[in-house]
Amino acid sequence: MDILPGYIAADTIGALKGRIATVGMFDGVHLGHRHILRSLVNAGMDRGLTPMAVTFSHHPLRVIAPSRQTLPTVTTTSERLRLLETTGISECLLLDFDSRLMRLSARDFLRMLRDSYGVRAFMTGFNNKFGNDMTLGFDDYVRIAADEDIEMLRATCFEPGHHKTIISSSSIRTLIGAHGNVEEAARMLGRPFTLSGTVIHGKALGRTIGFPTANIATDSPDKLIPLKGVYACQAIMPSHNGDILPAVVNIGDCPTFNDNRSRSIEAHIIGLNHDIYGMPLTLRFLKRVRDERKFSSPQALKEQISIDCDITLEINHKAHQP
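Residues numbered from 1 in each chain as written. Predicted model: local features only at pLDDT ≥ 70, side-chain atom pairs only at ≥ 80, totals over all residues. Heavy atoms only, no water.

Enquirer: Can you walk me through the pattern of salt bridges in this structure?
Expert: Oppositely charged side chains may form a pair once their charged atoms are brought near each other. Scanning the model with the defined rule gives 15 salt bridges in all. Residue D222 pairs with R62 through a salt bridge whose shortest N-O separation is 2.3 Å. Separated by 160 residues along the polypeptide, D222 in the loop between β8 (214-218) and β9 (229-237) and R62 in helix α3 (residues 61-64) bring together distant segments of the chain. Residue R62 is classed as partly exposed on the basis of its relative accessible area, which comes to 38%. Taking the shortest distance from any N to any O, the salt bridge between E314 and K318 comes out at 3.6 Å. Taken together, the positions of E314 and K318, both in helix α10 (residues 298-320) and four residues apart, correspond to about one turn of that helix. Beyond isolated ion pairs, a larger network of salt bridges with shared partners links R107, R111, R114, D115, D147 and E148. (Salt bridge = Lys/Arg side-chain N within 4 Å of Asp/Glu carboxyl O. Helix = DSSP H or I, 4+ residues; strand = E, 2+ residues; numbered from the N terminus. Buried < 20%, exposed > 50% of the residue type's maximum accessible area, 1.4 Å probe, protein only.)

Enquirer: Explain the sheet that holds strand β7 (residues 194-200) to me, please; I cannot follow it from the model alone.
Expert: Strand pairing in a sheet relies on backbone hydrogen bonds. The paired strands run either parallel or antiparallel. Strand order around the closed barrel formed by six strands is β7-β8-β11-β10-β9-β12, with antiparallel pairing between neighbours. In this sheet, adjacent strand axes meet at a mean angle of 45° when their direction is disregarded. In terms of strand pairing, β8 meets strand β11 (residues 264-269) through two bridges, oriented antiparallel. In the sheet register, N215 faces β11, and the bridge partner there is E266. Along the sheet face, α10 touches β9, β10 (243-252), β11 and β12 (280-290) and points at about 55° away from the line of β9. (Pairing = 2+ DSSP bridges. Axes fitted to C-alpha atoms, helices over the stretch in contact; angles between N-to-C directions. Contact = heavy atoms within 4.5 Å.)

Enquirer: In this structure, what is going on with helix α7 (residues 138-147)? I would like to understand it.
Expert: Every α-helix carries 3.6 residues per turn, so stepping three or four residues along brings you back to the same face. Among the residues of α7, those classed as buried are Y141, I144 and A145. Along α7, the residues classed as buried sweep out an arc of 100° about the axis, all on the same side. In α7, the exposed residues that point more than 90 degrees away from the buried face are D139 and A146. The secondary structure elements touched by the buried residues of α7 are α6 (106-117), β5 (119-124) and β6 (151-154). Backbone geometry just downstream of α7 places D149 in the positive-phi region, at approximately 60°. (Arc of directions from axis to C-beta.)

Enquirer: When you look at the confidence of the model for the protein chain in this model, what are you seeing that I'm missing?
Expert: Should the pLDDT be low somewhere, the predicted coordinates at that spot are not to be read in detail. Overall, the predicted model of the protein chain reaches an average pLDDT of 87, with 88% of residues at or above 70. In the predicted structure, residues 3-12 sits below a pLDDT of 50 and forms 21 contacts with residues beyond four places in sequence or in another chain. (pLDDT = per-residue confidence, 0-100.)

Enquirer: Explanation requested: the environment of A214 in the structure shown.
Expert: Looking at where A214 falls in the secondary structure, it is placed in strand β8. The exposure class of A214 is buried, given its relative accessible area of 6%. Not counting chain neighbours up to four residues away, the residues in contact with A214 comprise V199, I265, E266, A267, I269, I276 and L281.

Enquirer: What am I meant to see in the side chain of H268 here?
Expert: By the element assignment, H268 lies in strand β11. H268 gets classed as buried once you look at its relative accessible area, which sits at 12%. At 2.9 Å, the side chain of H268 forms a polar contact with the backbone oxygen of P212. What H268 contacts, discounting residues up to four positions off in sequence, is F211, P212, T213, P246, A247, V248 and C309. (Polar contact = N/O pair within 3.5 Å; in protein donor to acceptor, adjacent residues only side chain to side chain.)

Enquirer: When you look at the side chain of S105 in this model, what are you seeing that I'm missing?
Expert: With respect to the secondary-structure elements, S105 resides in the loop between α5 (99-102) and α6. Once you skip the residues sitting within four places of it in the chain, S105 turns out to touch G131, N132 and D133.

Enquirer: Sorry, what's going on with the nonpolar core here?
Expert: Nonpolar side chains in soluble globular proteins tend to be buried together. By size, the foremost hydrophobic cluster in this structure holds 30 residues, and its most contacted members are V249, I265, I269, L281, L283 and F285. Among the elements of the structure, α8 (169-177), α9 (182-189), β7, β8, β9, β10, β11 and β12 are those that each provide at least two residues to this core. Every residue in contact with F285, bar those within four places of it in the chain, is listed here: V182, P192, F193, L195, P226, Y231, A232, C233, V249 and I251. Core analysis: the second largest hydrophobic core is formed by 26 residues, L95, F97, Y141 and I144 among them. (Core = buried A, V, L, I, M, F, W, Y, C linked by side-chain atoms within 4.5 Å.)

Spelled out as structure tokens, the structure:
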């Protein structure tokens, strides 16, 4: 896939190459996003145009409403780009959403895509908006696009099937961050939620009760962290041939040891027999097992973690079944 970072000169990327584009933040690259991108690919094949996703290096709200609290993201930028590559699109245009881009009308935005990136057709989601004139409807987009010699298309509404709520990045954020419901989030994403980072030194408190843990420093401060609690996960170790091992993950404050730390992410990786300090680690969340709570003694905590390990092994076993 070509990653086209920002406003590159048209002759650099070949503006005469015909493209069909869609635009969005695509945070999570969930099933709804994938539906739009499949529609884009199919429309491109019908028209002999290269499908291209246009996305942003950071959320537009940072520029549009800088006083608002920054939303955590389901995927980091690098995760989002890797996931977009799996959807069948040929190219991804990564734009820096700045004040100049914010001021573009829908007409100016389409004209920029046409002149700089060879866009001949454009597809919106079923109820997507773009440009600074947010009162426009799809019929307005069709008229404006026709003026600019661009075909305007709209993807069909994605049918969420068994999901009771519309699939969206915000609903996935709520499921994971507010409820710890990583199972339902996985159904909306089409895959388990993951959290990546580097293994750092902690206080080695888990080692004192026979359950050593890997403390994780996340790759991005903007990445969504699940609700406090204990989770059954899979630990993926890129530095060790991508080994995947079951892991009991605690997200919280370590109340039994009165550690007075800010929220930590600690993984007891079952079957790990080598040092991974300083190594990258990805946690794949399968299910929330229980709340984090304070135990009467380290021994009581040890007994509970043993139970958590058994539950985690069972959940991992089921995850590997066809």
